[in-house]
Amino acid sequence: MSDIPEDLRYTPEHEYVRETDVDGEVLIGITDYAQGELGDVVYVELPAPGDEFGQMEAFGTVEAVKTVSELFCPAAGAIVAVNDALEADPGLVNSDPYGEGWMIRLELEAPEDFNDLLTAEQYAALVADADEI
Amino acid sequence: MTARGAPARPRGSPCVVLPYAVADGARNMAVDEAMLELAAGGSTLLRFYGWDPWCLSLGRHQEAPDRLLGRSPDDLRPGVDAVRRPTGGRSVFHGPEITYAFSCPARAWGGPRAVLQAVHRALAEGLCALGVPLDAVRGDDAEASVAEAARISAASCFRDPAPEELTARGRKLVGSAQCRRHGGLLQHGSILLEDRQRLGDLDGRDVGPHERAEAEVSGKGPAIGLNELLDPLPDGRLIVERLADHVARAFGAPAAPAAAPANPSAAIATSTALIRLATRYERVHRSGAWLWRR
């Protein structure tokens with residue numbers, strides 16, 4: 001059973017979005033369910049601070065056991081920071097996806113977009129459906 | 001979605017088998033990327049292909065050696081091409097081999113692991129039908145080897161078998177890699193006709209120290225080709241037909257050889273769409289910016 005924290009928002013592509021103490025800035029990573037599906041992460045390719053992305057535009061890739069998966073930006077915005085620790089230890093995505101395994105810090109173009117993302121309840125339903133396939 | 005307890009699982013559209021083709025590295029990768037794009041739209045596709053000229057492929061995130069960065073692929077080895085795959089893993093030397101590409105909607109056939117298992121199982125059935133004495137398939141339990149196979153390094157993909165990959169006489173015969181994008185899944189891989197993988201090691205070593213010592217004694221590397229397993233080696237078209245038939249049937253298609261698809265009109269229509277899409281991806285794969293990006 002994967003961990004789906006109540007206080008986060010989610011995308012159908014299995015990214016999570018966490019609000020920060022700065023208005024309009026969020027932390028983004030992949031969910032516990034996603035890291036479990038991927039297996040051991042061996043490389044994370046992230047953008048540079050200042051890069052801008054549209055909603056659901058690919059912002060990077062993650063590789064696990066010879067499978068490369070694209071990462072999608074949950075909302076339009078500009079990269080404020082990336083998690084450099086993942087370069088040396090990509091396994092943080094597996095061991096602590098909602099903590100030290102975060103990927104990018106994004107300044108939302110429209111902060112209200114946060115509210116359009118999936119709630120924990122909605123995401124849990126999506127994961128349950130996926131597991132039935 | 002299937003209701004809980006229902007006997008049937010949702011499935012993707014039946015697999016369409018595309019004609020066998022031989023092309024250079026950039027074209028082959030462009031067509032595979034086009035297959036991935038069509039898969040995101042709902043198609044399940046399979047093709048087998050060859051390489052002319054022979055070609056070294058790098059994994060999506062694999063670092064190219066400093067001595068090669070920014071140089072022409074011809075500098076690698078005279079007459080040998082080079083490309084970077086959209087998929088993960090490590091370098092592969094594409095010489096005497098049969099290459100396959102399979103694409104489908106990412107969740108339609110159970111997800112990446114299920115697809116990896118199903119494609120390899122079908123390839124194994126096809127190879128066994130040809131008389132190839134395969135080893136038992138390795139699962140996720142071989143932890144040390146799994147970690148080594150997953151690690152991105154300068155070593156050839158064929159130096160370490162990953163879970164579910166096919167081996168014979170303890171040596172790797174089939175290696176595969178995957179890519180997921182916009183709801184589509186691409187898996188491609190190499191079935192070796194001869195072992196030339198020493199040419200695919202970017203670090204200039206053919207095998208690790210232990211394996212090197214073994215190879216010096218036995219004259220054998222960590223990979224194996226069908227030429228060492230089948231005597232005589234069947235015609236390539238027969239091998240492709242057998243493998244295509246087994247894989248396509250595993251993914252919902254009626255029995256049919258690759259050279260004569262069961263649904264020719266679907267194959268022709270798909271091929272036309274692929275050619276159009278592949279032209280766009282080909283520009284990327286012919287660029288040094290993509291090839292030498294790491």
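Residues numbered from 1 in each chain as written. Chains lettered and ligands numbered in written order. Predicted model: local features only at pLDDT ≥ 70, side-chain atom pairs only at ≥ 80, totals over all residues. Heavy atoms only, no water.

S.K.: Could you give an account of the sheet that holds strand β6 (residues 92-94) of chain B, with specific residues and numbers?
M.R.: Residue and element names in this part refer to chain B. Pairing in this open sheet of 3 strands is mixed, and the strands run β5-β4-β6 from one edge to the other. The open sheet terminates on both sides in strands that have one partner only, identified here as β5 (81-84) and β6. Across the sheet, the mean angle from the axis of one strand to that of its neighbour is 25°, orientation sign disregarded. Of the strand pairs in this sheet, strand β4 (residues 55-58) and β6 are connected by 3 bridges, and their pairing is antiparallel. Counted as the bridge partner of Leu56 is Phe93 from β6. This element, helix α1 (residues 25-40), spans β4 and β5 of the sheet and lies at about 25° to β5. (Pairing = 2+ DSSP bridges. Helix = DSSP H or I, 4+ residues; strand = E, 2+ residues; numbered from the N terminus. Axes fitted to C-alpha atoms, helices over the stretch in contact; angles between N-to-C directions. Contact = heavy atoms within 4.5 Å.)

S.K.: For the packing of aromatic side chains, give the residues involved together with the corresponding values.
M.R.: All told, the structure shown has 6 aromatic pairs over all chains when counted by the stated rule. On the numbers, 4.6 Å between centres and 5° between planes, the contact of A:Tyr10 with A:Tyr123 is stacked. Of the two residues, A:Tyr10 sits in strand β1 (residues 9-10) while A:Tyr123 sits in helix α4 (residues 120-132), which places them 113 residues apart along the sequence. With relative accessibility at 0%, the residue A:Tyr10 sits in the buried group. Seen from their ring centres, B:Phe102 and B:Phe251 are 4.2 Å apart, and the 45° between their planes marks the pair as tilted. Of this pair, B:Phe102 sits in strand β7 (residues 97-105) while B:Phe251 sits in the loop between α5 (236-250) and α6 (264-285), and the two are 149 residues apart along the sequence. No difference in accessibility class separates B:Phe102 from B:Phe251, as the two residues are buried. Clustering of aromatic rings is evident, with ring pairs tying together B:Phe102, B:Trp109 and B:Phe251. Geometry around B:Phe158 places B:Lys172 over its ring, the cationic atom sitting 5.3 Å from the centre. The ring of B:Tyr281 carries the charged tip of B:Arg280 above its face, separated from the ring centre by 5.1 Å. (Phe/Tyr/Trp six-rings, centres within 6.5 Å; stacked < 30°, edge-to-face > 60°. Buried < 20%, exposed > 50% of the residue type's maximum accessible area, 1.4 Å probe, protein only. Lys NZ or Arg CZ within 6 Å of the ring centre and 35° of its normal.)

S.K.: Report on the interface of chain B and chain A, specifying residues and quantitative values.
M.R.: With 30 residues of chain B at the contact, the number on the chain A side is 22 residues. Between A:Glu70 and B:Arg181 there is a salt bridge whose closest N-O contact spans 3.3 Å. Mapped onto the side of chain B that touches chain A, the elements with two or more residues apiece are α3 (143-150) and β9 (171-181) of chain B. Ranked by residues supplied to the side of chain B that touches chain A, first place goes to β9(B) with 7 residues. Residue composition of the side of chain B that touches chain A, by class: 10 nonpolar, 9 polar and 11 charged. Pairing of strand β7 (residues 67-72) of chain A with β9(B) involves 3 bridges; the strand directions are parallel. (Salt bridge = Lys/Arg side-chain N within 4 Å of Asp/Glu carboxyl O. Nonpolar A, V, L, I, M, F, W, Y, C, P; charged D, E, K, R; others polar.)

S.K.: Account for the pairing of strand β6 (residues 58-64) of chain A, with residues named and values stated.
M.R.: All names here are of chain A. When you tally the buried positions in β6, you get 6 out of 7 residues, the bulk of the element. As defined by bridge partners, β6 adjoins β7 across 6 bridges and the pair is classed as antiparallel. Bridging from a neighbouring strand, Glu63 pairs with Val68 of β7. Counted between consecutive antiparallel strands, the loop separating β6 from β7 contains 2 residues, among which Val65 sits at a positive phi close to 45°.

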